[in-house]
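# Working through the structure, step by step
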Amino acid sequence: MPRPKTEEKRKLILDTAKRLFALEGVGVSMNEMAEAIGIPVGSIYTYFDSKQVLVETIIEEGWNEYRLWLEEGIAAIQLGSQNADARLIALKILSFLVNKALPKLFSDVELIMLLLAEAGTTARLEEKLQYFSSMITKLVSECQVSGAAENDPRQYNTGITVLLLGALETLRLSSKTDLKLGADDIQAFFRLIVENALGQGLPDTD
């Protein structure tokens, strides 16, 4: 008779697998995961058909949860700024992205390590980087003051993508070495890059 599924056990498997993959790499076996959780290995297969499905689920559910949080934050800014001009709204959203959304992403080092480990296969890393870089590029363009030197959107988008990829790799290395660069340092650099492109400072977020 099949074992009954519970959301609590599914979450336990996902959380444990995510931690083990981050610590030891995706070579961790299903048996090792089951031992760490304290359940029969068959229980994991009740929820996930294979280790690859488990890896994909961790990445996509983690990313989708983050993306939903991000888009709800943007929607809240738009709702609360209905009487403001378009440039001010774009500036507020850009500030939210740089000051809150990027630090939140950077704080999930375990997800970052999986994204990088699976970059060439199931993570669809390029798609996720483009989601961010395209949004930042568009907002910077909308926020630039009249008469300021304009950035080439294609070059700026490429630059932001490279910076994001470098940021993720730096955070991965920092978690495993004595490299003294953290999420705060990277976020401050991103803010500087964006503010230089705008020719003005970003407003503080609430």
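Residues numbered from 1 in each chain as written. Predicted model: local features only at pLDDT ≥ 70, side-chain atom pairs only at ≥ 80, totals over all residues. Heavy atoms only, no water.

Okay, the overall build of the protein next. Each helix and strand in the protein was counted, giving 9 helices and 0 strands. The N-to-C order of helical and strand elements in the protein reads α-α-α-α-α-α-α-α-α. A principal-axis box enclosing the C-alpha atoms of the protein has dimensions of 70 × 40 × 25 Å. Within the protein, the proportion of its 206 residues that are buried is 42%. Long-range contacts, defined here as pairs at least 24 residues apart, represent 74% of the contacts in the protein between residues at least 6 apart. When the accessible area of the protein is evaluated, it comes to approximately 11,300 Å², of which 54% is carbon and sulfur surface. Positive and negative side-chain charges in the protein, numbering 21 and 29 respectively, have mean positions lying 2 Å apart. (Helix = DSSP H or I, 4+ residues; strand = E, 2+ residues; numbered from the N terminus. Buried < 20%, exposed > 50% of the residue type's maximum accessible area, 1.4 Å probe, protein only. Contact = heavy atoms within 4.5 Å. Areas by Shrake-Rupley, 256 points an atom, 1.4 Å probe, with all protein chains shown as cover. Lys, Arg positive; Asp, Glu negative; His and termini not counted. Charge placed at Lys NZ, Arg CZ, Asp CG, Glu CD.)

This part covers the packing of helix α7 (residues 125-143) against helix α8 (residues 153-176). Relative to each other, α7 and α8 sit at 130°, their axes nearing to 8 Å. Here α8 runs oblique to α7, going by the angle between their axes. You can see that α7 and α8 cross each other, and the crossing is right-handed. Counting all contacts with α7, which are made through Leu125, Leu129, Gln130, Phe132, Ser133, Ser134, Ile136, Thr137 and Val140, the residues of α8 involved are Pro153, Tyr156, Asn157, Ile160, Thr161, Leu164, Leu165 and Leu168. (Axes fitted to C-alpha atoms, helices over the stretch in contact; angles between N-to-C directions. Parallel < 35°, antiparallel > 145°, perpendicular 65-115°, else oblique. Left-handed = near helix turned anticlockwise from the far one by under 90°.)

A few words on the packing of aromatic side chains. Going through the model one piece at a time under the given rule, you end up with 9 aromatic pairs. Between Trp63 and Phe132, the ring centres sit 6.3 Å apart and the planes meet at 75°, which makes this aromatic pair edge-to-face. With Trp63 in helix α4 (residues 51-80) and Phe132 in helix α7, the pair connects residues that are 69 residues apart, well separated along the chain. When its relative accessible area of 5% is taken as the criterion, Trp63 is described as buried. (Phe/Tyr/Trp six-rings, centres within 6.5 Å; stacked < 30°, edge-to-face > 60°.)

Our focus in this paragraph is helix α1 (residues 7-24). Taking 1.5 Å of rise per residue, the 18 residues of α1 would be expected to cover 26 Å, and the 25 Å separating its terminal C-alpha atoms lies within 8% of that figure. Three or more residues of α1 are buried, namely Arg10, Ile13, Leu14, Thr16, Ala17, Lys18, Leu20, Phe21 and Ala22. Next to the buried residues of α1 lie α2 (30-37), α3 (41-47), α4, α6 (109-117) and α8. Once α1 finishes, Gly25 follows within two positions and takes phi at roughly 95°, a positive value. (Expected span 1.5 Å × (residues − 1).)

These figures come from the coordinates and say nothing about function on their own.
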